[in-house]
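Here is how the chains run, residue by residue.
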Amino acid sequence: MRRLGLEGHFGGLAAHLDGVFGADGVFAHDRLRFVDFLDDVEDLLEKVAWQEGVGKEVADGFEEYILQHYRG
């Protein structure tokens, strides 16, 4: 992110993700519902889009896309 000049956009992302994934990289469903996680990520993407001067519509549909394409 630093190389792209976007590190300022993701200041709270690491803190938000702390504890969401286990040491093995598997999502910790007992700590947070996956759909709530996706909603939070979509909100973060919308903020980045706004800060970059594009409409938040760019990030709209992220949650639905992930659920449709990676449902197990």
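Just above sits the structure.
Computed from a predicted model, the values in this text were never measured in an experiment.

Draft legend 1. Region of interest: helix α2 (residues 34-51). End to end, α2 covers 26 Å across 18 residues, agreeing with the expected 26 Å (1.5 Å per residue, within 8%). Within α2, the full set of buried residues consists of Phe37, Leu38, Val41, Glu42, Glu46, Val48 and Ala49. With its phi angle positive at about 90 degrees, glycine 53 sits one or two positions after the end of α2.

Draft legend 2. Layout of the packing of aromatic side chains. Applying the stated criterion to the full structure yields five aromatic pairs. Centre to centre, the rings of phenylalanine 21 and phenylalanine 27 are 5.6 Å apart; their planes meet at 80 degrees, and the pair counts as edge-to-face. The class of phenylalanine 27 is buried, set by a relative accessible area of 10%. Ring centres of phenylalanine 27 and phenylalanine 37 lie 5.4 Å apart, and the angle between their planes is 50 degrees; this geometry places the pair in the tilted category. On the criterion of sequence distance, the pair formed by phenylalanine 27 in the loop between α1 (13-17) and α2 and phenylalanine 37 in helix α2 is long-range, its members being 10 residues apart. Note on phenylalanine 37: relative accessible area 9%, which makes it buried. Among the aromatic residues, those joined into a cluster by ring pairs are Phe21, Phe27, Phe34 and Phe37.

Thresholds, definitions, all that
- Residues numbered from 1 in each chain as written.
- Predicted model: local features only at pLDDT ≥ 70, side-chain atom pairs only at ≥ 80, totals over all residues.
- Heavy atoms only, no water.
- Helix = DSSP H or I, 4+ residues; strand = E, 2+ residues; numbered from the N terminus.
- Expected span 1.5 Å × (residues − 1).
- Buried < 20%, exposed > 50% of the residue type's maximum accessible area, 1.4 Å probe, protein only.
- Phe/Tyr/Trp six-rings, centres within 6.5 Å; stacked < 30°, edge-to-face > 60°.

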